[in-house]
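An overview of the molecular structure
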Amino acid sequence: MSLMGQMMQMPLSISSLLIHAARHHGDTEIVSKRVEGDMHRTSWAEVELRSRKLAQALQRLGCEPGDRVGTLAWNGYRHLEIYYAVSGSELVCHTINPRLFPQQVAWIINDAQDKILFVDLNILPLVEKLAPTLPALKHVVLMCGRDNMPREHVLDNLLCYEELIEAEDGHYSWPTFDENTAASICYTSGTTGNPKGAVYSHRSTVLHAYASALPDSMCLKATDTMLPVVPMFHVNAWGVPYSAALVGCKLVMPGHHLDGPSLYELMEQEQVTISAGVPTIWQGLLNHVQANNLRFSSFRTTIIGGSACPPSMLRTFENDYNVEVVHAWGMTELSPIGTICRLKGKHANLPLEAGQKILEKQGRAVFGVDMRIVDAEGDPQPWNGIASGDLEVRGHWVIDSYFNVDKSPLHQGWFPTGDVATIDADGYMQVVDRSKDVIKSGGEWISSIELENVLMAHPAVQQAAAIAAHHPKWDERPLMVVVKKPGAKVTREELLAFFKGKIPNWQTPDDVVFVDELPHTATGKLYKLKLRQMFADHKLPTA
Ligand code: ADP
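Residues numbered from 1 in each chain as written. Predicted model: local features only at pLDDT ≥ 70, side-chain atom pairs only at ≥ 80, totals over all residues. Heavy atoms only, no water.

**Details of the site of the ligand**
Looking at the ligand, there are 16 residues lining it, with Ser 189, Ala 328, Thr 332, Asp 419 and Lys 525 nearest. Within the contact set of the ligand, an oxygen atom lies 2.9 Å away from a side-chain nitrogen or oxygen of Arg 434. The separation between an oxygen atom of the ligand and a polar side-chain atom of Lys 525 is 2.8 Å. Contact with the protein chains removes 92% of the 560 Å² of surface that the ligand exposes when unbound. In terms of residues, the shell around the ligand owes the most to one element, strand β14 (residues 324-330), which gives four residues. Considering only residue class, the shell around the ligand consists of four nonpolar, nine polar and three charged. (Near = heavy atom within 4 Å. Polar contact = N/O pair within 3.5 Å; in protein donor to acceptor, adjacent residues only side chain to side chain. Areas by Shrake-Rupley, 256 points an atom, 1.4 Å probe, with all protein chains shown as cover. Helix = DSSP H or I, 4+ residues; strand = E, 2+ residues; numbered from the N terminus. Nonpolar A, V, L, I, M, F, W, Y, C, P; charged D, E, K, R; others polar.)

Here it is as structure tokens:
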């Protein structure tokens, strides 16, 4: 008979993260650039108190355990309070991306059956438009003070956030319940088919917060000032609202001001040390500092993920600005972190360039996530850095099923990510491509990411996308769609010649077209599906 452990049974809970932050880092600041336009300063202690009051208000509004509460909001202290008040009181926080198509927003709210919706000031017009199509919705709460409440609006159930909080006394104790209770829901962007909801539990969220803060993960510390550029509606800002409370660091919330100049100003003003976001955002910041000859005085680490970090971006940050780049890979279905790229002890004496070659990869699995690559038959492929296969994962914060969907997404107990990857002998995973973006040329595969990475290193190129164009002989051949840097001059032939020696000759794209801008998804990634539609009739010169 096995001997049972004799330790306390304390369910992992999201409220315990906030209680910890308030007790041990109570005066550590949460600074927000508000939608109202001004700066706002609060602290972990104050956020905890106001979250308690908000939890009381939600009860008063008739919310019951398990009810979904939606948010359509940018990164700010009120959104943080909602995160904790909702999950902490056994309700389910459903963050929604306001940049999705309005019909999609409505579809998601109805699928989740949100009872209450918290909305930032500048998103109200969207909700006013959608309200008639949201039958389950009881109240809309505008995230502002009384002074900013609109005199005229079309909603008959509009409440004021600050009034809700003012009406409560804060005499509320965070309840204790099963750690497997749902804490939050995030929908995948649904570029194909309807969006699907990933339902995170308290347990999965707390374990993810532990793992993501580790030194070989984000390396988040009490001495840090963290600016999550990644929105709180994009997989819970990659868990930063939780990991920041766990370590008790200062948080700087940028609101909806995500352009290069605004981010730079905020980073300098608040002496930000670490940040996290998608490559598109970092491109905007780098353009700004390069064009204006600026330096970073405190910024030391940037976590880059969501799509592949171009190797040229990694080198610019590290070599020109002394900012460490930490490349990470994840998905909505993984809460989101799966792998993070940091060197190992044995790499200590590697020359800079050799080390950076490793850091270009998506990284090693964080403990808590297990991964494998399999071929079309489902057979595991070797970890030699060459063999590629469909990437599958399992772990403590990987979904088992989608909200409201009966069919299991799993394959032999593993979650198929839809990415094609290699894994090397040291366990570093590299994404070759999303399986739907890979270019299939005469039975051979060409990685669109690899082609994009080559052109992103060209001084005249602002952004590059590689897509498959139809070819009568090869089925598909690569077409590059390029945005030039402002004022830069470069020809199609020069860009094609730039591939020479950098990739095998047969992979060299067949054509380059220039456009003024590239389409992006609601989370700032290249919208390949749209691009493929735009160039569906493109005639390759080689055809
Ligand atoms: P969506 O992009 O559909 O909104 P997610 O945000 O969950 O949904 O995106 C997950 C996908 O993003 C991954 O399956 C992968 O294709 C891509 N991705 C995430 N991080 C990286 C990375 N560092 N490098 C390459 N691809 C990445």
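**So, helix α12 (residues 311-321)**
Counting buried residues along α12, eight of its 11 residues qualify, which places the element largely inside the surrounding structure. When α12 is considered as a whole, its buried residues turn out to be Pro 311, Met 313, Leu 314, Arg 315, Thr 316, Phe 317, Glu 318 and Tyr 321. Buried residues along α12 sit in contact with α11 (279-291), β13 (301-304), β14, α13 (352-359) and α14 (448-456). Backbone geometry just after α12 places Asn 322 at a positive phi near 60°. (Buried < 20%, exposed > 50% of the residue type's maximum accessible area, 1.4 Å probe, protein only. Contact = heavy atoms within 4.5 Å.)

**A look at the domain arrangement of the chain**
Domain annotation for the chain reports domain 1 (14-215), domain 2 (258-435) and domain 3 (439-534). Here the C-alpha centroids of domain 1 and domain 2 sit 27 Å apart. For the pairing of domain 1 and domain 2, the buried interface totals around 1,800 Å² over both sides, and the portion due to carbon and sulfur atoms is 64%. Here domain 1 is connected to domain 2 by one salt bridge. Across the pair Glu 270 and Arg 41 runs a salt bridge whose closest N-O atoms are separated by 2.7 Å. Ranked by residues supplied to the side of domain 1 that touches domain 2, first place goes to helix α7 (residues 202-213) with six residues. Residues that form the side of domain 1 that touches domain 2 fall into these classes: 12 nonpolar, five polar and seven charged. (Domains from an automatic or database assignment. Buried area = accessible area lost by both parts, 1.4 Å probe. Salt bridge = Lys/Arg side-chain N within 4 Å of Asp/Glu carboxyl O.)

**Digging into the nonpolar core**
Core analysis: the biggest nonpolar cluster contains 113 residues, and Trp 44, Tyr 84, Phe 118, Trp 282, Phe 296 and Phe 317 have the highest contact counts within it. For this core, the element with the most residues is helix α3 (residues 77-88), which contributes seven residues. Per-domain counts for this core show at least three residues from each of domain 1 (14-215) and domain 2 (258-435). Look past the residues within four positions of Tyr 84 in its chain and what remains in contact with it is Ile 14, Leu 17, Leu 18, Trp 44, Ser 51, Ser 89, Trp 174, Pro 241, Tyr 242 and Ala 245. If you look at the next biggest cluster of nonpolar residues, it comprises 30 residues, including Val 105, Ile 108, Ile 123 and Val 127. (Core = buried A, V, L, I, M, F, W, Y, C linked by side-chain atoms within 4.5 Å.)

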